[in-house]
There are 2 protein chains.
Amino acid sequence: MQHISGDNHLRNLLVTISYDGKNYHGWQIQKNGVTVQEVFQNALNNIVGEFSDLKGCSRTDSGVHANMYCISLKINHPIEPLRLKAALNRWLPMDVACLDCKEVDDDFHARYNCKSKEYIYKIWNSETRNPFLNGYVLNYRYPIDVELLNKSAQDYVGKHDFTSFCTVDKRETGDFVRDVKRFSVKREGNLVTMTVEANGFLYNMVRIMVGTLLEIQQGKIMPDGIAEIINKRDRSYAGATAQPCGLYLNKVNY
Amino acid sequence: MQHISGDNHLRNLLVTISYDGKNYHGWQIQKNGVTVQEVFQNALNNIVGEFSDLKGCSRTDSGVHANMYCISLKINHPIEPLRLKAALNRWLPMDVACLDCKEVDDDFHARYNCKSKEYIYKIWNSETRNPFLNGYVLNYRYPIDVELLNKSAQDYVGKHDFTSFCTVDKRETGDFVRDVKRFSVKREGNLVTMTVEANGFLYNMVRIMVGTLLEIQQGKIMPDGIAEIINKRDRSYAGATAQPCGLYLNKVNY
């Protein structure tokens, strides 16, 4: 299956995709179900006929979406980046799209070179659900006070140890400090969108941040309670982990 | 199963729903697959425990969506309209939502009392698909000249015999004259939306109108060709029937 070329120089490509995560068990290949990595790997193999070790920019959970997700991959095949993009869009399932494809330096790595990432979390804030958004938002029927939550959320901003906002997981080791650059809560009609940018995120971090804000809305946590929860460095003080379906990886900055 | 009440006066209710048609074989109950009418009837029976003869405002094809769809139904049960709305939203599948529920005059009929209906047709006009819109738009990769098509489409407006824009079907008999009040073609980024309001629509009429405009875009039909196609009263002169997935019943006016 290995493509034979004159020299054995491997090209390094950066591929940007977008995907509807509703039908996938996240990005990373696993035994329990179909993942975006698996369908991407299959599409790529059908085009270039060689196996490439894909480097995804992040793990994403089951049901989480991506408006922008970056993959670096090394291949031998001489296909033009624009032709690879077109071919990927023919071989990928309709709920995954290749947005861009370009040559990058040999040492570029989609995860390690990432300077910051932006996630958004969408909440449909209405007594009546929107049937077109099933699986694409968190449904929340009681009125959300966007100004209140936006104010509370400013305590997330800065360089903090986010142990309280990380699901206990053997994959998370070492440094729990992350630099949150901004956090906003905005409303457009019934749609409430939370946006967070950071240099990196711990396991379930955004979903726990959102869940904590919803518990402030419910009066279970005080509006000024986030700083104290951060100081506790104990997951049990933060709110519940919000559903994955409202979460979108929105932007990856290199 | 019939609910017993003191008098046998049947209440007449107007129920407004919205549905994602991706997983349904249209509104009307049929043998080939699950329909919106069937899941609605089941939800209603679970709540009021009696069978009601539902009058839907229109047939919709398999895969067609509705931002607004109206149903009139007669029941004996004394349930308050707002409680019925809430109960329907618990019993209906997540891709169907009840938006409103109210008491109407005995002789009100969701189809016969309808003065006009508005449909929209959504086209994703880009070389790259949007993975979140799979099943919710027609994908069209070549640039659409929105001004050209909007101008051509003005020939649809008025009271015409639309035989050329109707799939030959034994259900369509008699009068093929419909009064098209307006037709617009607009763009917002990659999304092109066609909007049409008429006093009524023939079988597949909107989809054939859209398909004809796309053939004007492709140069297969002249930009001023619509008036002549209408005059021919012959389906073979119009364009192909556009896919159902871009079509939404958007508004029903009484």
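Asks: Where do I start with the pattern of salt bridges in this structure?
Replies: Opposite charge on two side chains makes pairing possible when the charged atoms of those side chains draw close. Summed over the entire model, instances satisfying the criterion amount to 15 salt bridges over all chains. The partner of Glu103 of chain A in a salt bridge is Arg11 of chain A, and the shortest N-O contact between them spans 2.8 Å. Of this pair, Glu103 of chain A sits in strand β4 (residues 96-104) while Arg11 of chain A sits in strand β1 (residues 11-19), placing them 92 residues apart in sequence. Judged by its relative accessible area of 12%, Arg11 of chain A falls in the buried class. Two residues, Arg182 of chain B and Glu118 of chain B, come together in a salt bridge whose shortest N-O distance is 2.3 Å. Placement of Arg182 of chain B in strand β8 (residues 177-188) and of Glu118 of chain B in strand β5 (residues 116-124) is noted, with a sequence separation of 64 residues between them.

Asks: Where do I start with the packing of helix α3 (residues 146-153) of chain B against helix α4 (residues 205-217) of chain B in this structure?
Replies: Working note: a packed helix pair is described by the angle between its axes plus the distance between those axes. Residue and element names in this part refer to chain B. Running from N to C, α3 and α4 cross one another at 130°; their axes reach a closest spacing of 10 Å. On the basis of their axis angle, the class for α3 and α4 is oblique. When the axes of α3 and α4 are compared, the crossing they make is right-handed. Residue-level inspection shows Leu148, Leu149, Ser152 and Ala153 of α3 in contact with α4, the latter providing Leu213, Ile216 and Gln217. By residue class, the composition of the contact of α3 with α4 is 5 nonpolar, 2 polar and no charged.

Asks: Could you clarify how one ought to interpret α4 of chain B in this entry?
Replies: Helical geometry note: an α-helix holds 3.6 residues per turn, so side chains three or four residues apart project in the same direction. Residue and element names in this part refer to chain B. In this model, α4 (13 residues) spans 19 Å end to end at C-alpha, consistent with the 18 Å of a helix rising 1.5 Å per residue. For α4, a buried count of 12 out of 13 residues is recorded, marking the element as mostly surrounded by other parts of the structure. Remark: Gly219 follows α4 within two positions and exhibits a positive phi of approximately 80°.

Criteria and thresholds
Residues numbered from 1 in each chain as written. Chains lettered and ligands numbered in written order. Predicted model: local features only at pLDDT ≥ 70, side-chain atom pairs only at ≥ 80, totals over all residues. Heavy atoms only, no water. Salt bridge = Lys/Arg side-chain N within 4 Å of Asp/Glu carboxyl O. Helix = DSSP H or I, 4+ residues; strand = E, 2+ residues; numbered from the N terminus. Buried < 20%, exposed > 50% of the residue type's maximum accessible area, 1.4 Å probe, protein only. Axes fitted to C-alpha atoms, helices over the stretch in contact; angles between N-to-C directions. Parallel < 35°, antiparallel > 145°, perpendicular 65-115°, else oblique. Left-handed = near helix turned anticlockwise from the far one by under 90°. Contact = heavy atoms within 4.5 Å. Nonpolar A, V, L, I, M, F, W, Y, C, P; charged D, E, K, R; others polar. Expected span 1.5 Å × (residues − 1).

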